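Observations on the model geometry
What follows is the residue order along each chain.
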There are 4 protein chains.
Amino acid sequence: MKILFLGDIIGKGGRKAVSRYLPGLQQHFQPDFTIANGENSAGGFGLTRSVYSEMKFHHIDIITSGNHIWDKKEVMGMFQDFHDILRPANYPPGVPGSGCGIFTSEQSTQTIAVLNLIGRTFMGGSYDCPFRTADALLESLPSEIKTIFVDFHAEATSEKLAMLHYLAGRVSAIVGTHTHIQTADERIFKGTAYLTDAGMCGSFHSIIGMSEASIMPRFLQGMPTKLEVQTSDTALMGVFIETDEQGKAIHIERIASIEQRHQP
Amino acid sequence: MKILFLGDIIGKGGRKAVSRYLPGLQQHFQPDFTIANGENSAGGFGLTRSVYSEMKFHHIDIITSGNHIWDKKEVMGMFQDFHDILRPANYPPGVPGSGCGIFTSEQSTQTIAVLNLIGRTFMGGSYDCPFRTADALLESLPSEIKTIFVDFHAEATSEKLAMLHYLAGRVSAIVGTHTHIQTADERIFKGTAYLTDAGMCGSFHSIIGMSEASIMPRFLQGMPTKLEVQTSDTALMGVFIETDEQGKAIHIERIASIEQRHQP
Amino acid sequence: MKILFLGDIIGKGGRKAVSRYLPGLQQHFQPDFTIANGENSAGGFGLTRSVYSEMKFHHIDIITSGNHIWDKKEVMGMFQDFHDILRPANYPPGVPGSGCGIFTSEQSTQTIAVLNLIGRTFMGGSYDCPFRTADALLESLPSEIKTIFVDFHAEATSEKLAMLHYLAGRVSAIVGTHTHIQTADERIFKGTAYLTDAGMCGSFHSIIGMSEASIMPRFLQGMPTKLEVQTSDTALMGVFIETDEQGKAIHIERIASIEQRHQP
Amino acid sequence: MKILFLGDIIGKGGRKAVSRYLPGLQQHFQPDFTIANGENSAGGFGLTRSVYSEMKFHHIDIITSGNHIWDKKEVMGMFQDFHDILRPANYPPGVPGSGCGIFTSEQSTQTIAVLNLIGRTFMGGSYDCPFRTADALLESLPSEIKTIFVDFHAEATSEKLAMLHYLAGRVSAIVGTHTHIQTADERIFKGTAYLTDAGMCGSFHSIIGMSEASIMPRFLQGMPTKLEVQTSDTALMGVFIETDEQGKAIHIERIASIEQRHQP
Ligand SMILES: [Fe+2]
Ligand SMILES: [Fe+2]
Ligand SMILES: [Fe+2]
Ligand SMILES: [Fe+2]
Ligand SMILES: [Fe+2]
Ligand SMILES: [Fe+2]
Ligand SMILES: [Fe+2]
Ligand SMILES: [Fe+2]
């Protein structure tokens, strides 16, 4: 099975990158599933119906997310209407939405399980254990599901690698999100494809997708600021993964379509 | 000028990687300076005289560091004896050691200034502002110094990119350390070469250089553990940077010498 | 000199408590200065001109603050117009407002210096060292100023006590704010009156001034919420301090005017 | 039922305070149960068999704890031998020890359930939800148990008050520990006695039980230090609670036996 995954889409800058680069990538990789993290897709914070439609127009099959998924209140009603939107599974019981889904490809007859988890180190929230949540969800999957993709939305590199070592051999792929910067440590370990962070879709010459002007007072003056999405240039980052019929990863390849990497 | 920089060297696993891969890299790149972050080089925590000697034997010219530099008490006396060991410059006044040095190459007649800074987001310490510290140090450098290399030891991707935008055009290179995972976002921006994190030297199939067994109880059971360096396989990560005569970056290239990236 | 200090005033609930209890306390204690922390006085977040007027109507002479002072944008222009509003002094240079002021009593001819500082442990911001900022400000005060009052806005009990030990004998009083819960550890140590936290003015049977309904989802479900001030009952907490002519503390007394402490 | 609870006992300084003040308090209050938080009782970090014996000698019936309970490895074997040592119940399954016990008084025929919980805000660990853990444990208690005492070991005042509002009417008392500073907000709310923090047993003129010399470099220089227990003066802090036959709290009274509160 072929899976194309895109890191956090950051507002309009990110959506521009998707519309510019995704069609060509889908053409090139012929993925059975295109998955993207959409927690920042609407104005940099959260997800709306209109942005959801835009993502579906671009043949994004499944939308994962993270801590920012709640930022637009509209999302509360969307989970019921659209089962292809996930939020991290280790939110406590009773939280709207689901963190795990089984999907059948429109392009093929392939079936995939997608798990969305959130880390706890430096994440500040009140989340359940992502490791035991993963155990329970894997247990609950029908045995005929062979390919399992995990988006682990977390800050600390140690927690992300811990998840790899914990789930290695039990899932097809674990890809990190949340830091918005792509890491270069892609690997296959005991049948599991892994990348600490997929990066983001948005302006490359920004501060994790946001404008320099809107972020710098936080660091220089200790003052709260309203973050503004930067749209000056476009970049799409993600990862392409291929699995065998048993769901074992056989290929992992980072993707970085960057309008202009160097701006000397 | 040619600069070879290695990410955090993690104990014996990291030193094995250095002895295995560094000679070949130095042969290949012919750097004027080899710089390495040594905060974890002795047993995973801190730096000792014996490890320092080992690093000098391998022609590491300058050793930068971070929050773990204090872990072996022996280091306190070393700063006076060895001016090629730096600790982050934005430790408060009165802290032993220095965070900035000017060095002349033994291999050539080139001169470089090296700045070591530490971030504050998710870092927990009581550090001075790294941005204003950088301003003051840059101000203090003799104008004939053209090439300035910054090791910014920090956790948050946003803070590291903020430093790039703050210092762009004023320094030759900013390379991040501390997360132990190499990022894939190398770039030249307004004459400054940049990489969010250089990664580490140590076991690739570990949890940021440490053994799975020693880290997992922290995540699974919430219990403190003694971390143990993993030595099962070797990897060296870093970056090669070239500057012109004005100190402007003209080339940046990630380095990852990995014994076995995939362990299917 | 007699100083009456009130902990963080929390929105309408806090202002009700002030109007209900403060006149009687001023009558009773006859303070030369009434000082209050106003960072939460407008809707629970920040300070406005209208709330400022209300506080002046109640003869609050000086308003200190903390991390929430920026929450209403209106405050930016207020610092210039009203020199009796302070924000923590260890915000970096260039931040609007001042963290230290010298005030002469309208009620008497007494003069006091008030310092406002913010802690860094668990506070998440980019603040300068509160200890060295205190050193510099104390150095800058005219020697005829004998009475110096410090509002140290901080979370960690260790950092607050560290400030006591650092400044003991150099200032008249250090009173903590920010946790909204009054501590019972008032003392005089080397001439300095000290209380880890003054508490707050607001609803006692709330969650630090906010409604149970608005806070609980943060803890139970890990979801962001909009906090709502609770106004169901009123309580005023603070501290009364008396100094001798040399500025040495000779008396400290906690104040807690609580409409109904027990709600069985 | 009469319950005497002591806040975190800090090493030798704390044990001196216990031996000096506890006998008189037990004489005075005639408690059915004396409970103390022992997480710092051995050298400031953890608990040993010898310290345990000392606490039993002083008729401490039940020992609760917190994040520091693991600091002396010896404790691992003690949970099996001594069922009157608790660690927070919301450590993940599989962690040694128990966080809930039912105890019968040696002094009377009274029976009490004691719950130990740990908070997550600013606590950094990987703990399960303390609220749902409390639900599950309360559910599991035999209905004939009327008196339920909770030691909630947590940093944030908001999380502690959230626990009060969550458990009000379902338990007899909730007393916070961990900050080492006693708060002054004791109350009875819907039948539940509550105090945000009981404080500590140890040197009052210290920094949360530790010496100024051993803590200050952390704040002033950002450097790690080895903390040393201070023993210069003694203070015992805690709380006395009385419940009716239905387990409803009818009285709460703070206790602070301080050798010398003011040290002018
Ligand atoms: Fe994101
Ligand atoms: Fe995120
Ligand atoms: Fe490191
Ligand atoms: Fe580090
Ligand atoms: Fe406040
Ligand atoms: Fe505050
Ligand atoms: Fe403690
Ligand atoms: Fe603790």
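Keep in mind it's a predicted model, so treat the numbers as computed, not measured. (Residues numbered from 1 in each chain as written. Chains lettered and ligands numbered in written order. Predicted model: local features only at pLDDT ≥ 70, side-chain atom pairs only at ≥ 80, totals over all residues. Heavy atoms only, no water.)

1. Regarding the coordination of the iron ion (ligand 1)
Residue and element names in this part refer to chain A. Using the following cut-off: Only N, O and S atoms count as donors, using a 2.8 Å cut-off from the metal and 3.2 Å for Na, K and Ca, and because water is excluded some sites may appear unfinished. For a four-donor site, all angles between 85 and 135 degrees give tetrahedral; for four or six donors, opposite pairs above 155 degrees with the remaining angles between 65 and 115 give square planar or octahedral; all remaining cases count as irregular. A helix here means a DSSP run of H or I that spans at least four residues, while a strand means a run of E at least two residues long, and both kinds are numbered starting from the N terminus. Only protein chains enter the area calculation, which uses a 1.4 Å probe; residues under 20% of their type maximum are buried, those over 50% are exposed, and those in between are partly exposed.
Bound to the iron ion (ligand 1) on the protein side are Asp8 (OD), Glu39 (OE), Asn40 (OD1) and His180 (NE2), at distances that span 2.0 to 2.2 Å. Coordination at the iron ion (ligand 1) comes from 4 donor atoms whose angles at the metal span 94 to 163°, giving a geometry best classed as irregular. Every donor residue of the iron ion (ligand 1) comes from the same chain, spaced as D-x30-E-N-x139-H. Between the two metal centres, the iron ion (ligand 1) and the iron ion (ligand 2), the spacing is 3.5 Å, with Glu39 acting as a shared donor. Pair noted here: Asp8 is in strand E2 (residues 8-9) and Asn40 is in the loop between strand E3 (33-37) and helix H2 (49-57), with a separation of 32 residues, a long-range link. Each member of the pair, Asp8 as well as Asn40, carries the same accessibility label: buried.

2. Considerations on the coordination of the iron ion (ligand 8)
When a metal carries six donors in an octahedron, the ideal angles between them are 90 or 180 degrees, while four donors in a tetrahedron ideally lie at 109.5 degrees. All names here are of chain D. Glu39 (OE), Asn67 (OD1), His153 (NE2) and His178 (ND1) make up the full set of protein donors to the iron ion (ligand 8), lying at 2.1 to 2.3 Å. Coordination geometry of the iron ion (ligand 8): the 4 donor atoms subtend angles of 86 to 143° at the metal centre, consistent with an arrangement described as irregular. In terms of primary sequence, the donors binding the iron ion (ligand 8) are separated according to E-x27-N-x85-H-x24-H. The distance between the iron ion (ligand 8) and the iron ion (ligand 7) comes to 3.5 Å, with Glu39 serving as a donor to both metals. With Glu39 in the loop between strand E3 (33-37) and helix H2 (49-57) and His178 in the loop between strand E8 (173-177) and strand E9 (187-189), this residue pair connects regions lying 139 residues apart in the sequence. Side by side, Glu39 and His178 carry an identical accessibility label, which is buried.

3. Observations concerning the sheet that holds strand E6 (residues 111-118) of chain C
Residue and element names in this part refer to chain C. Counted only if it meets this: In this analysis, strands are considered paired if DSSP registers two or more bridges between them. Think of each axis as a best-fit line through the C-alpha atoms, taken over the contacting stretch in the case of a helix, with angles from 0 to 180 degrees between the N-to-C directions. Here, residues are in contact when the closest pair of their heavy atoms is within 4.5 Å.
In space, the 6 strands of this open sheet follow the order E5-E6-E7-E8-E10-E9, with mixed pairing throughout. Edge positions in the sheet fall to strand E5 (100-104) and strand E9 (187-189), since each has one partner strand and no second. Along the sheet, successive strands turn relative to each other by an average axial angle of 25°, direction set aside. When strand E8 (residues 173-177) meets strand E10 (residues 192-195), the two strands line up parallel, connected through 3 bridges. Looking at E10, one finds that Ala173 is bridged to Ala193. Against the sheet, helix H4 (residues 130-140) makes contact with E5, E6 and strand E7 (147-153), and its axis sits at roughly 160° relative to E6, the strand it touches most.

4. Quick word on the relation of the copies chain C and chain D
Stated precisely, the cut-off is as follows: Least squares is the method used to superpose the copies, on C-alpha atoms of residues holding a pLDDT of at least 70 in both.
Take chain C, turn it by 180°, move it 0.0 Å along the axis, and it overlays chain D with an RMSD of 0.0 Å. In symmetry terms, the pair is related by a two-fold rotation axis. Closest to the rotation axis within chain C is the C-alpha of Thr183(C), separated from it by 1.8 Å. The fraction of interface residues of chain C whose copies in chain D are also interface residues reaches 100%, indicating that both copies meet through the same surface.

5. What about the side chain of Ser206(B)?
Note the cut-off: N or O atoms within 3.5 Å of each other form a polar contact, as long as, within protein, one can give a hydrogen and the other can take it, and as long as residues adjacent in sequence are counted only when both atoms are side-chain atoms.
Relative to the helices and strands, Ser206(B) is located in the loop between strand E11 (200-202) and helix H6 (212-220). Exposure remark for Ser206(B): the relative accessible area of 1% places this residue in the buried category. In this structure the side chain of Ser206(B) is engaged in a polar contact, spanning 2.5 Å, whose partner is the backbone oxygen of Ser203(B). Leaving out residues up to four positions away in the same chain, Ser206(B) has contacts with Leu161(A), His165(A), Met200(B) and Gln230(B).

6. Some thoughts on the UniProt feature "active site" (unreviewed entry) in chain A
Residues and elements named next belong to chain A. Put simply, the rule reads: UniProt positions are given in the numbering used here, feature names are shortened, and annotations may be inferred rather than shown by experiment.
As annotated by UniProt and renumbered to match this structure, "active site" (unreviewed entry) occupies His68. Inspection of the secondary structure puts His68 in the loop between strand E4 (62-64) and helix H3 (75-81). Here His68 falls in the partly exposed class, since its relative accessible area comes to 22%. With sequence-adjacent residues up to four places away left out, His68 is seen in contact with Glu39, Asn40, Phe45 and Gly46.

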